[in-house]
Every structure is written in structure tokens, then in C-alpha cells.
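This is what each chain is made of:
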Amino acid sequence: MNPRDVGGRGLPVHARTLVLAIESSCDETAAAVVEGGRRIRSSIVATQADLHAQFGGVVPEIASRAHVESINGVIARALAGAGVELAAIDAVAAAHGPGLAGALLVGVSAAKALALATGRPYIGVHHHEAHMYAALIEDPTLEPPCLHLIVSGGHTLLIAMDDHGRYRRLGGTVDDAAGEAFDKVARLLGLGYPGGPVIDRLAAEGDPDAVRFTRPMLGSGHLGSGHLGSGQYDFSFSGLKTAVVQHRRRHPDQAVADVAASFQAAVVDVLATKLLRAALDTGIETIVIGGGVAANSALRSRVAADAARAGLRSVIPARALCTDNAAMVGAAGWHRLRNDGPTGLAGGATPNLALPGT
Ligand code: KG4
Ligand code: ZN
């Protein structure tokens, strides 16, 4: 065996190593088989969005139950889709945090049970690390250093990935996450749940310049204004949400598409501006987006255009790799196994898990 194919704790980890990965941190039950940390052999996502829609958001108890009901079938479909038996799997990974405790436990327990039954290593993967690794599936030539904007229903983060498993958190939201803002504004506009995809679709028919909404914290810090961590890469979306509510009250007859497009333009402006600024400040030449909000059409085209103009490389994963999925967990799990070895079956699920290395 090539000595370079020996991973953490002496385990063989190489380009043919198959990881069965599970994701259940929120309202998607997902399983995937990933080969060599980059190649998707199968990826199955069972969404619970319909179950939660009537409540306008994810109900943790309902999420846990739905995960329990569907996880075995989702795993079976992932194995069948990859054309492999369980015995051919080399390692089993699961997102073990952050996320909803009961939801996470379903995926972690399933992964540990399969690892125990097959005698294969178990790898606990940080959900945000998984979102970052989605880009390494999208672009198999991508290697750190790269700068990640992770924008989801629960988080808004700017993270420098200096190397595999080595991260620096540059900024995050001080209140609502970007996806949360989309979801709340969609609810206020009577558009249903989840709000991001609906606003994205509706905004395409609206005028993004119809209302000039506030760009929260856009001016907080600027090029060379201070050291990393002084707040210049932080975000705030709660005030923007309030601005949309107030505007709606004052102008009830304005086309909803125009309000949606203008709100989306404000969010995208802040996210993209700070991502670009962080890249220029840190000198990192590759910018990447991930998480559910990275599926947003306006954000995708803006980041690509900003990067092209600034001479940076941008990696924008396919939409299915941005929203929660297990392929990204398999990619991150393969790299973790290679660099650090397995997690061990004593590892649990941690709702507020810190990103390793930060
Ligand atoms: O990463 P994700 O699937 O789950 C979490 O880890 O939270 O992100 C879900 C979030 C939701 O808030 C959803 O409204 C948002 O991503 N989202 C979008 C779009 N698609 C999903 N936001 C804006 N535009 C979209 N196209
Ligand atoms: Zn996520």
C-alpha cells in the first residue's frame, strides 16, 4: 500500500475508500455513499419540509420522529443507489452537531450501530465542516486555503479554511441567521415555509431597486480597519426583517415581488460585500459559498461576478450540495478519517458543537 494512503491512527484511507454518511441535524433525513472523499456514488435526501410547513418552522419533536421513521429506508436507498452492500463500506460518518439534539441523535445512533455491526470506523462530522466540504465535491481540484461563507437556516459564518481541519472563524451573525431572515420575511409576506426558495422565485419577477432597505452592519469595519475578529465580518439581519415589516405596513399595496426582491438584494449585498472584503483582507484567493442560502440565485450570481472582477476563484456548489445533504458529510468524514482517524463509539451528539480547530 502507498504510505500516503494510511490515514489517522494507521487506517487505510485512499481514493477508493467508501464512506456511508448520514445527515439528520435538522429537517432533512439524508444518506450518501462517497468514494475517496470527493466522488458521490449516491445521495438520498428525504425532506420533512411539508410536515413543518403548517407550523411555519421546524418543530423539533416532529423532526426527530420523522427521522426515526425514514432513516432505515434512506440508508437502504443510498446503498442500493451506489450499488454496494453494507459489507463493502469502509467507514460510517454522521453529522454529530450542531443541530437539534433529538434529530442529531437519530443519525448518530444509526451510524454508530452500523459501524459496530460491520466493525468499521465511525466518524462524527461537524455540520458546518460538512457544508464547507461540499465545495470539494463540486470542484475536485479545490484545496485549502479557501474562504467560506456558510449561510443556512441556523448559521451565518465567514470561515477561513487554512488547511484540512484547520479553521479560523472571521465573523458570524449577531442575531438572526440569513436563512432565518428569509424564512421570517416570507412568513410576514404570507409566502409560506421554507421561505428562501419562495422568495428566490418571487424575487425573479420583482424589482430589486423598488425599496432601498437597510444594509445592516455593511459599514462596520472596512478594509484595513482592524484585526480579524473586531466585528467587521459580523452580520445582523433582525433589523432588516423589522424594516420589511414596517415597510409592508406603510405600503400594503406594493407588489410583494418588489418587496421580496428588494429584501433579497439587501441580504445578498451584505453577504457578498463582506465575503469579498474578507478575501481581500486575508489574501485568500478562493471564495466559496455553502449552506441552504447559497442556493439563492441572486447570491450565486453576485459572488461569481464579484470574484471574477477581483481576480479571485469562486466555487459555487450545485444547489443540491448547498442545502442539507449527506454527501457533504461523507466528504468531510473521509478527510477527517484520513487526517485524524475515527471518532470512537463513545462520541455523542452535541447541539452546540464548536467547529474543531476554532
Ligand atoms: O443548510 P440548510 O438546508 O439547513 C440548515 O442547516 O439550516 O438551510 C436551510 C435554509 C432555510 O432557511 C431556507 O429558507 C434557506 O436555507 N434557503 C434559501 C434558498 N434555498 C434554501 N434561501 C434563499 N434562497 C434560496 N434559494
Ligand atoms: Zn445545514
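This one's a predicted model, so the numbers in the text were calculated from it and none came from an experiment.

Looking along a regular strand, one sees side chains alternate from face to face of the sheet. When you tally the buried positions in strand β7 (residues 156–163), you get 6 out of 8 residues, the bulk of the element. Where strand β6 (residues 146–151) folds back onto β7 in an antiparallel hairpin, the turn is made up of 4 residues. Relative to strand β8 (residues 166–172), β7 runs antiparallel, the two sharing 6 bridges. By the bridge assignment for β8, Leu157 is matched with Gly172. Connecting the antiparallel pair β7 and β8 is a turn made up of 2 residues, with Gly165 showing a positive phi of about 75°.

Let us look at empty space enclosed by the protein. Inspection of every chain in the model, using the stated rule, returns 1 cavity of 30 Å³ or more. What the largest cavity holds in volume is close to 40 Å³. Along its surface, the largest cavity is lined by Glu129, Tyr133, His164, Gly165, Tyr167, Ala332, His335, Arg336, Asn339 and Asp340. For the lining of the largest cavity, the elements supplying multiple residues, two or more each, are α4 (127–138) and α11 (327–340). It is α11 that provides the largest number of residues to the lining of the largest cavity, a total of 5 residues.

Here we take up the coordination of the zinc ion (ligand 2). Reference values for coordination geometry: four tetrahedral donors around a metal ideally subtend 109.5 degrees, six octahedral donors ideally subtend 90 or 180 degrees. For the zinc ion (ligand 2), every protein donor is listed as His127 (NE2), His131 (NE2) and Asp324 (OD), and the spread of their distances is 2.0 to 2.1 Å. Donor residues binding the zinc ion (ligand 2) come from one chain and are separated in sequence as H-x3-H-x192-D. One end of the pair, His127, is in helix α4; the other, Asp324, is in the loop between α10 (319–322) and α11, and 197 residues separate them in sequence.

What follows concerns the domain arrangement of the protein chain. We note that the domain assignment places domain 1 (3–131 + 323–340) and domain 2 (144–322) within the protein chain. Between the C-alpha centres of domain 1 and domain 2 the distance comes to 27 Å. With 20 residues of domain 1 at the contact, the number on the domain 2 side is 16 residues. Summing both partners gives a buried area of about 1,300 Å² for domain 1 against domain 2, and 58% of it is carried by carbon and sulfur. Among the residues domain 1 hides against domain 2, the three largest losses belong to His128, His131 and Thr323. Together they make up 42% of the total. Put simply, domain 1 and domain 2 have 0 salt bridges between them. Linking domain 1 to domain 2 there are 7 residue pairs in polar contact (both at pLDDT 80 or more). Where the side of domain 1 that touches domain 2 is concerned, the elements lending two or more residues are α1 (49–53), α4 and α11. For the side of domain 1 that touches domain 2, the element with the most residues is α11, which contributes 5 residues. Partitioning the side of domain 1 that touches domain 2 into residue classes produces 7 nonpolar, 9 polar and 4 charged.

Relative placement of two packed helices is described by the angle separating their axes and the distance separating the axes. Close contact between helix α7 (residues 238–250) and helix α8 (residues 256–282) brings their axes to 11 Å; oriented N to C, the two are set at 160°. Considered as vectors, α7 and α8 are oriented roughly antiparallel to each other. Viewed along their axes, α7 and α8 form a crossing whose handedness is right-handed. Counted together, Leu240, Val244, His247 and Arg248 of α7 and Val256, Val259, Phe263, Ala266 and Val267 of α8 form the full contact between these two elements. Classifying every residue of the contact of α7 with α8 gives 7 nonpolar, 1 polar and 1 charged.

The next point concerns the site of ligand 1. Near ligand 1 lie 20 residues; those nearest to it are Gly153, Asp183, Gly196, Asp200 and Gly292. A distance of 3.2 Å separates an oxygen atom of ligand 1 from a polar atom in the backbone of Gly179. Taking Asp324, its main chain carries an N or O atom lying 3.0 Å from an oxygen atom of ligand 1. A total of 550 Å² of accessible area belongs to ligand 1 in isolation, and the protein chains cover 89% of it. When each cavity is represented as a set of grid points, ligand 1 is found to reside in the largest pocket. Those elements that place two or more of their residues in the shell around ligand 1 are α4, α5 (178–188) and α6 (195–203). The biggest single contributor to the shell around ligand 1 is α6, with 4 residues. The residue makeup of the shell around ligand 1, split by class, is 5 nonpolar, 12 polar and 3 charged.

Here we take up α11. With 14 residues, α11 extends 20 Å between its outermost C-alpha atoms, agreeing within 8% with the 20 Å of an ideal straight helix rising 1.5 Å per residue. Counting buried positions along α11 gives 11 out of 14 residues, so the element sits mostly inside the fold. Taken together, the buried positions of α11 are occupied by Ala327, Met328, Val329, Gly330, Ala331, Ala332, Gly333, Trp334, His335, Arg336 and Leu337. Just downstream of α11 lies Gly341, where phi reads positive at about 85°.

Next up on the list: the packing of α5 against α6. The N-to-C vectors of α5 and α6 enclose an angle of 70°; their axes lie 7 Å apart at closest approach. Viewed along their axes, α5 and α6 adopt a mutual orientation that is roughly perpendicular. Handedness of the α5/α6 crossing: left-handed. Taking contact as the criterion, the partners of Phe182, Asp183, Val185 and Ala186 in α5 are, on α6, Gly195, Gly196 and Ile199. Residue composition of the contact of α5 with α6, by class: 4 nonpolar, 2 polar and 1 charged.

How each quantity is defined
- Residues numbered from 1 in each chain as written.
- Chains lettered and ligands numbered in written order.
- Predicted model: local features only at pLDDT ≥ 70, side-chain atom pairs only at ≥ 80, totals over all residues.
- Heavy atoms only, no water.
- Buried < 20%, exposed > 50% of the residue type's maximum accessible area, 1.4 Å probe, protein only.
- Helix = DSSP H or I, 4+ residues; strand = E, 2+ residues; numbered from the N terminus.
- Pairing = 2+ DSSP bridges.
- 1 Å grid on protein atoms, 1.4 Å probe; cavity = no way out; pocket = protein on both sides within 12 Å on 5 of 7 lines; lining within 4 Å.
- Points joined across faces, edges and corners; volume = space filled by probe spheres on them.
- Donors = N, O, S within 2.8 Å, 3.2 Å for Na, K, Ca; no water.
- Domains from an automatic or database assignment.
- Contact = heavy atoms within 4.5 Å.
- Buried area = accessible area lost by both parts, 1.4 Å probe.
- Salt bridge = Lys/Arg side-chain N within 4 Å of Asp/Glu carboxyl O.
- Polar contact = N/O pair within 3.5 Å; in protein donor to acceptor, adjacent residues only side chain to side chain.
- Nonpolar A, V, L, I, M, F, W, Y, C, P; charged D, E, K, R; others polar.
- Axes fitted to C-alpha atoms, helices over the stretch in contact; angles between N-to-C directions.
- Parallel < 35°, antiparallel > 145°, perpendicular 65-115°, else oblique.
- Left-handed = near helix turned anticlockwise from the far one by under 90°.
- Near = heavy atom within 4 Å.
- Areas by Shrake-Rupley, 256 points an atom, 1.4 Å probe, with all protein chains shown as cover.
- Sits in = over half its atoms within 2 Å of the grid points.
- Expected span 1.5 Å × (residues − 1).

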